[in-house]
Amino acid sequence: MSQLEDMRLFVSVLDCKSFTAAADTLGLSKQFVSRRITGLEARLGVRLINRSTRKLNATPVGLAYYERARRILDDVDEAEQLVTLQSSSPRGLLRLSAPMSFGTLHLSPLLPGFLQRYPDVSIELDLSDRVIDLLEEGYDMTVRIGVLNDSTLVARQIVPLETVTCCSPDYLRRRGAPQMPSDVRAHDCLLYGHGKTVDWSYWIDGRVERIGVRGRLRVNNGELVRDAAVAGLGLAMLPTFIVGTELEAGILVRVLREYELPSAKVFAVYPQHRQANVLVRLLIDYLQVSLGADQQTPGN
């Protein structure tokens with residue numbers, strides 16, 4: 001087996017966090033994978049992985065080797081993709097992560113068209129509202145909403161984002177509309193997100209102010225918050241890609257419109273070493289065109 005294949009085995013073991021899982025993924029026996037990694041360590045003269053009965057993790061030198069090996073493997077894969085693209089249709093596996101609501105509402109209807117356009121491409125999609133670590137978890141690309149904090153990643157805008165404060169007409173009749181952002185403190189608020197506290201941000205006198213809100217319902221999925229707002233349980237702050245249809249139908253109404261923040265953005269985010277990845281570029285271009293054509297669905 002070549003050094004390149006040993007690298008693939010090693011990277012797969014760390015990505016899967018298990019010899020057994022890596023072997024299953026690669027269609028090999030656990031004993032074969034373990035023997036090859038042991039041989040790799042012997043050839044290099046270092047221990048790359050700390051093994052225990054409960055878990056395995058990379059040693060410091062193993063982590064450095066993993067990062068360099070992944071870049072090498074990515075370069076090899078991208079070189080093959082570029083050659084393949086010249087002679088035939090794109091092919092390969094694309095590992096994606098996206099927020100739950102954005103994935104179910106927008107990626108779900110769009111990805112079949114992408115796969116039909118490129119029949120030799122496969123996609124693994126993980127929907128989660130947690131912030132994933134692209135490098136640590138081995139994703140090619142993720143969709144992120146709003147402010148980006150990690151400057152080591154590359155970001156391309158997919159579609160604008162508009163977030164609104166809204167409630168049902170019934171709630172509005174019972175409780176009245178907040179006139180200023182500070183008024184939301186006296187309302188039943190439907191909390192979207194994690195953590196002990198939730199702040200809603202508004203544009204007041206040319207700057208952003210954060211208002212602490214409280215409520216009896218807190219969930220980490222925007223569609224559940226939307227449904228609770230439709231049921232009249234309180235005020236919700238959600239992106240229009242989740243509540244756009246309900247706003248158009250009049251079963252939700254906007255409040256505090258004049259204090260809404262300027263439009264943010266939905267980004268495709270990927271590691272710097274993925275910039276040349278053909279499949280990443282193709283998917284981003286496809287999403288920009290597909291989502292940009294729908295002016296009612298700027299996204300979370």
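The structure contained in this document is the topic of the report that follows. (Residues numbered from 1 in each chain as written. Predicted model: local features only at pLDDT ≥ 70, side-chain atom pairs only at ≥ 80, totals over all residues. Heavy atoms only, no water.)

## With respect to a nonpolar patch on the surface
Nonpolar side chains collect at one region of the surface, where Leu44, Val46 and Val61 lie side by side and expose about 200 Å² of accessible area between them. With respect to the helices and strands, Val61 occurs in helix α4 (residues 60-87). (Patch = residues over 30% accessible without salt bridge, like charges linked within 9 Å, V, L, I, M, F, W, Y side chains within 5 Å. Areas by Shrake-Rupley, 256 points an atom, 1.4 Å probe, with all protein chains shown as cover. Salt bridge = Lys/Arg side-chain N within 4 Å of Asp/Glu carboxyl O. Helix = DSSP H or I, 4+ residues; strand = E, 2+ residues; numbered from the N terminus.)

## Observations concerning the sheet that holds strand β8 (residues 189-192)
Pairing within the open sheet is mixed, and its 5 strands lie in the order β11-β8-β12-β7-β13. Strands with a single pairing partner mark the edges of an open sheet, and in this sheet they are β11 (217-219) and β13 (253-255). Direction aside, the axes of adjacent strands within the sheet are offset by 40° on average. Pairing between strand β7 (residues 163-167) and β13: 3 bridges, direction antiparallel. (Pairing = 2+ DSSP bridges. Axes fitted to C-alpha atoms, helices over the stretch in contact; angles between N-to-C directions.)

## Some details on the packing of aromatic side chains
Inspection of every chain in the model, using the stated rule, returns 4 aromatic pairs. Chaining the aromatic ring pairs together yields one cluster made of Phe114, Tyr118 and Tyr286. (Phe/Tyr/Trp six-rings, centres within 6.5 Å; stacked < 30°, edge-to-face > 60°.)

## Description of the environment of Ser89
Here Ser89 is to be found in the loop between α4 and β3 (91-98). When the C-alpha atoms of Ser89 and Arg117 are compared, they prove to be 9.4 Å apart, with 28 residues separating the residues in sequence.

## Considerations on unusual backbone geometry
A positive phi angle, close to 55°, is found at Asp205, a residue other than glycine. Relative to the helices and strands, Asp205 is located in the loop between β9 (198-204) and β10 (207-213). Residue Asp205 is classed as exposed on the basis of its relative accessible area, which comes to 77%. Of note in the backbone geometry, Leu256 takes a positive phi value of approximately 55° without being a glycine. You can see Leu256 is positioned in the loop between β13 and β14 (264-271). (Buried < 20%, exposed > 50% of the residue type's maximum accessible area, 1.4 Å probe, protein only.)

## Considerations on the sheet that holds strand β6 (residues 153-161)
The 5 strands lie next to each other as β4-β3-β5-β14-β6, forming an open sheet whose pairing is mixed. Every interior strand has two partners, whereas the edge strands, β4 (120-127) and β6, have only one. Here the average twist between neighbouring strands, direction ignored, is 25°. Sheet analysis places strand β5 (residues 141-145) next to β14, joined by 4 bridges and oriented antiparallel. Within β14, the residue paired with Thr142 across the bridge is Val269. Helix α5 (residues 100-117) contacts β3, β4, β5 and β14 of the sheet and is inclined by roughly 175° relative to β4. (Contact = heavy atoms within 4.5 Å.)

## Some details on the nonpolar core
Among the nonpolar cores identified, the biggest contains 40 residues, and Met141, Ile158, Val243, Leu283 and Leu287 are the most heavily contacted of them. In terms of residue count, the dominant contributor to this core is helix α10 (residues 278-292) (7 residues). Beyond its immediate sequence surroundings of up to four residues, Met141 is in contact with Arg95, Leu96, Ser97, Leu134, Ala268, Val269, Tyr270, Val280, Leu283, Ile284 and Leu287. Membership of the second largest hydrophobic core comes to 19 residues, among which are Met7, Val13, Leu14 and Leu40. (Core = buried A, V, L, I, M, F, W, Y, C linked by side-chain atoms within 4.5 Å.)

## Regarding empty space enclosed by the protein
Space left empty within the atom packing is revealed by a probe, the size of a water molecule, rolled over the atoms. For the structure on display, the rule yields 1 cavity of 30 Å³ or more. Of the volumes computed, that of the largest cavity is approximately 30 Å³. In terms of lining residues, the largest cavity is bounded by Leu96, Ser97, Ala98, Leu107, Leu111, Leu125, Met141, Val143, Leu283 and Leu287. Of all the secondary structure elements, the ones that give two or more residues to the lining of the largest cavity are β3, α5, β5 and α10. Ranked by the residues each element gives to the lining of the largest cavity, the list is headed by β3, at 3 residues. A breakdown of the residues in the lining of the largest cavity according to their chemical character gives 9 nonpolar, 1 polar and no charged. (1 Å grid on protein atoms, 1.4 Å probe; cavity = no way out; pocket = protein on both sides within 12 Å on 5 of 7 lines; lining within 4 Å. Points joined across faces, edges and corners; volume = space filled by probe spheres on them. Nonpolar A, V, L, I, M, F, W, Y, C, P; charged D, E, K, R; others polar.)

## Description of the environment of Leu125
Positionally, Leu125 belongs in strand β4. Note: C-alpha distance between Leu125 and Ala98 (27 residues apart in sequence) is 7.6 Å.

These results come straight from atomic positions and should not be treated as a statement about function.
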